[in-house]
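Geometric and topological summary
Below are the chains, spelled out letter by letter.
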Amino acid sequence: MKIARAVSRLIEALEKLPGIGPKSAQRLTFYLLHNPQSELDKFSLALSRLKKDTRECMICFNVGEKSPCDICMDKERDQTKICVVEQPLDILAVEKGGFYQGLYHVLGGAISPLNNIGPEELHISDLWPRLKNSKIAELIIATNPNMEGEATAMYIRKILIDKGLNNKIQITRIGRGLPVGADLEYADEMTLNRAFEGRREF
Ligand SMILES: [Zn+2]
């Protein structure tokens, strides 16, 4: 049976998304086909504006509407703490809890030799200028509690000590309550809150 080109084109596009197999792609495509044109127009507008209307923050590498982002520009926030996370989604998870008022630094992933991701591929070196000659007194390393996240935390700690920054900056690591191998973005607020409160010298 020949499939209309518009249909197969969308199936192919959806298949490229993570977690979507051929069957799901087909189902989604036919689901969309039964929506009114106005809904599809809204959907495609949101998609085409996704990248155009967002900026990567030049300071913390979070995704925002402008650069520097709202969090970096907010003088009400605690300027003595930086929380290091792997992805912008992790910031969303922490912010939802409302228990943390400091600043962030998004690495853009974690060190993973198996996937050829070394420290140079991440925003690690961008961290040092933020720590030097600043009011930062605590660096909270909130990378995921899995192998890559731990390796990344240890690497950051080592460089910080090599640079002698540990004299004025306390390094802490969140942990307690987070299941090993878990992803920060999937942790519930309570667990995340406990993990922050229970952070320890690292
Ligand atoms: Zn920012």
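The structure this text deals with has already been given above.
Residues numbered from 1 in each chain as written. Predicted model: local features only at pLDDT ≥ 70, side-chain atom pairs only at ≥ 80, totals over all residues. Heavy atoms only, no water.

1. Some details on unusual backbone geometry
Rules: Under the scheme used here, helices are H or I runs from DSSP no shorter than 4 residues and strands are E runs no shorter than 2 residues, and both carry numbers assigned from the N terminus. Buried, partly exposed and exposed residues are distinguished by accessible area as a fraction of the type maximum, computed with a 1.4 Å probe on protein chains only: under 20%, between the cut-offs, and over 50%, respectively.
Cis geometry is adopted by the peptide bond preceding Pro 68, which originates at Ser 67 and carries an omega value of -5°. Within the element layout of this structure, Pro 68 appears in the loop between β2 (63-64) and α4 (70-73). Positive phi is not limited to glycine here, since Phe 61 has a value of about 70°. By the secondary structure assignment, Phe 61 is in the loop between β1 (55-56) and β2. Taking the relative accessible area as the measure of exposure, Phe 61 reaches 10% and is therefore buried. Phi at Asn 116 is positive, roughly 60°, even though this residue is not glycine. Considering the arrangement of structural elements, one finds Asn 116 in the loop between β4 (103-106) and α6 (127-131).

2. Digging into the packing of helix α5 (residues 88-97) against helix α8 (residues 189-197)
For the record, the criterion: Whenever a helix is involved, its axis is fitted only over the stretch in contact; in every case the axis is a line through C-alpha atoms, and angles between N-to-C directions fall within 0 to 180 degrees. In these notes the angle categories are as follows: under 35 degrees is roughly parallel, over 145 is roughly antiparallel, 65 to 115 is roughly perpendicular, and the rest is oblique. Contacts between residues were defined by any pair of non-hydrogen atoms, one from each residue, lying within 4.5 Å.
Two numbers describe how α5 lies on α8: the axes approach to 9 Å, and their chain directions differ by 90°. Comparing their axes, α8 and α5 come out roughly perpendicular. Taken together, the residues of α8 that come into contact with α5 (itself represented by Ala 93, Val 94, Lys 96 and Gly 97) are Glu 189, Leu 192 and Phe 196.

3. Topic: the pairing of β4
To be explicit about the condition: Strands were regarded as paired on the criterion that DSSP finds at least two bridges between them.
The alternating pattern of β4 places Leu 103 and His 105 on one face and Tyr 104 and Val 106 on the opposite face, and all of these are buried. Two elements, strand β3 (residues 81-85) and β4, share 4 bridges in a ladder whose sense is parallel. Residue Val 84 lies in a different strand from β4, and its bridge partner there is His 105.

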